[in-house]
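What follows is the residue order along each chain.
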Amino acid sequence: MSTTIASARRLHPWPVRVMHWTNAVAMIIMIGSGWGIYNDSVIFHFLHFPQWLRIGSWAAESLLWHFAAMWLLAINGLAYLTYGTLTGRLRERMLPIRLSELVHTVRDTLRFKIAHDDLTVYNAVQKLLYIVVILAGISQVISGLAIWKPIQFSWLISLFGEFQGGRLVHFLGMAVIVGFLAVHVALSLLVPSTLWAMLTGGPRLDKPRSRAV
Ligand code: HEM
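Because the structure is a prediction, the values reported are computed rather than measured.

A. The site of the ligand, seen in detail. By nearness alone, 22 residues border the ligand, and His-20, Tyr-80, Arg-89, Tyr-122 and His-184 come closest of all. Between an oxygen atom of the ligand and a side-chain N or O atom of Arg-89, the distance comes to 2.8 Å. Between an oxygen atom of the ligand and a side-chain N or O atom of Tyr-122, the distance comes to 2.6 Å. Contributing elements (two or more residues each) for the shell around the ligand: helix 2 (14-40), helix 4 (89-94), helix 6 (124-148), helix 8 (163-190) and helix 9 (192-200). Taken together, the residues of the shell around the ligand sort by class into 13 nonpolar, eight polar and one charged. Formed jointly, the shell around the ligand draws a minimum of three residues from each of two domains, domain 1 (22-78) and domain 2 (88-205).

B. Looking closely at the packing of aromatic side chains. Under the counting rule described, the total for this entry stands at 10 aromatic pairs. For the pair Phe-44 and Phe-46, a centre-to-centre distance of 5.8 Å together with 35° between the ring planes defines the contact as tilted. Since its relative accessible area comes to 69%, Phe-46 is described here as exposed. Following the ring pairs from residue to residue traces out a cluster consisting of Trp-35, Tyr-38, Phe-44, Phe-46, Phe-49 and Phe-171. The residue whose ring lies beneath Arg-93 is Tyr-122, and the NZ or CZ to ring-centre distance is 4.1 Å.

C. The arrangement of the layout of surface pockets in detail. Reported here for the second largest pocket is a volume of approximately 790 Å³. Looking at the second largest pocket, it is lined by 28 residues, and the ones nearest its centre are Ile-37, His-66, Gly-144, Ile-147 and His-170. Considered class by class, the residues forming the lining of the second largest pocket number 21 nonpolar, six polar and one charged. Split by domain, the lining of the second largest pocket shows at least three residues from each of two domains, domain 1 (22-78) and domain 2 (88-205).

D. Broad picture of helix 8. The terminal C-alpha atoms of helix 8, which comprises 28 residues, lie 41 Å apart, in line with the 40 Å expected from a rise of 1.5 Å per residue. Within helix 8 the residues assigned to the buried category are Gly-165, Gly-166, Arg-167, His-170, Phe-171, Gly-173, Met-174, Ile-177, Phe-180 and Ser-188. In this structure, the buried residues of helix 8 make contact with helix 2, helix 3 (59-87), helix 6 and helix 9.

Rules behind the numbers
Residues numbered from 1 in each chain as written. Predicted model: local features only at pLDDT ≥ 70, side-chain atom pairs only at ≥ 80, totals over all residues. Heavy atoms only, no water. Near = heavy atom within 4 Å. Polar contact = N/O pair within 3.5 Å; in protein donor to acceptor, adjacent residues only side chain to side chain. Helix = DSSP H or I, 4+ residues; strand = E, 2+ residues; numbered from the N terminus. Nonpolar A, V, L, I, M, F, W, Y, C, P; charged D, E, K, R; others polar. Domains from an automatic or database assignment. Phe/Tyr/Trp six-rings, centres within 6.5 Å; stacked < 30°, edge-to-face > 60°. Buried < 20%, exposed > 50% of the residue type's maximum accessible area, 1.4 Å probe, protein only. Lys NZ or Arg CZ within 6 Å of the ring centre and 35° of its normal. 1 Å grid on protein atoms, 1.4 Å probe; cavity = no way out; pocket = protein on both sides within 12 Å on 5 of 7 lines; lining within 4 Å. Points joined across faces, edges and corners; volume = space filled by probe spheres on them. Expected span 1.5 Å × (residues − 1). Contact = heavy atoms within 4.5 Å.

This is how it looks when you write it as structure tokens:
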């Protein structure tokens, strides 16, 4: 029975695809509306986001979008982490990361050798980037909660020193996610088979996983 289930396992089972694309939509809304809120009280005086990049025509409207999408982002993110932990997917796909493999992949990438023949294995750079972006997402939720309710979550604010510290961490987390997205989307367009797999499920995996679902 377990063999039958395991052999039918796809590279990206449907829950992963649903959660991935839900996260993409929620992230884009969070980023665009976040830029609208930021403009109302900038952290860096040289940096303002133009209207065409913002979601919401003024700060209060951007806030409404931000508060609406934050629940989608947080609940979906929690579901992904729970699923990934219970099924063993996170460990299987993103660990271990070997330093030698990391150096090798960076060297190949700099030489524009970005072949991704075996879709079922993430290379060391991919693994690292996914772990970094997942941690950045968690940090966004924590710093977001802290600056949303600084009195109720004063113990969270104290993690960042003060309110402005929380804002800065929230801004830097956004910058990490936007930087990740630029590379991530460019790579998925350069290797379209990965995009197709994230839409349709990709190849079936024959290697059983002990806790596969
Ligand atoms: C909207 C544009 C996006 C596109 C076109 C896209 C595309 C893809 C593709 C093609 C893969 C599979 C990679 C492979 O098999 O080699 C993937 C995986 C992944 N993406 Fe995205 N993605 C997008 C947005 C995002 C966002 C916003 C995040 C997080 C901030 C994200 C995080 C991830 C993670 C963590 C994985 C690995 C998932 C797993 O294997 O469990 N993606 N994405």
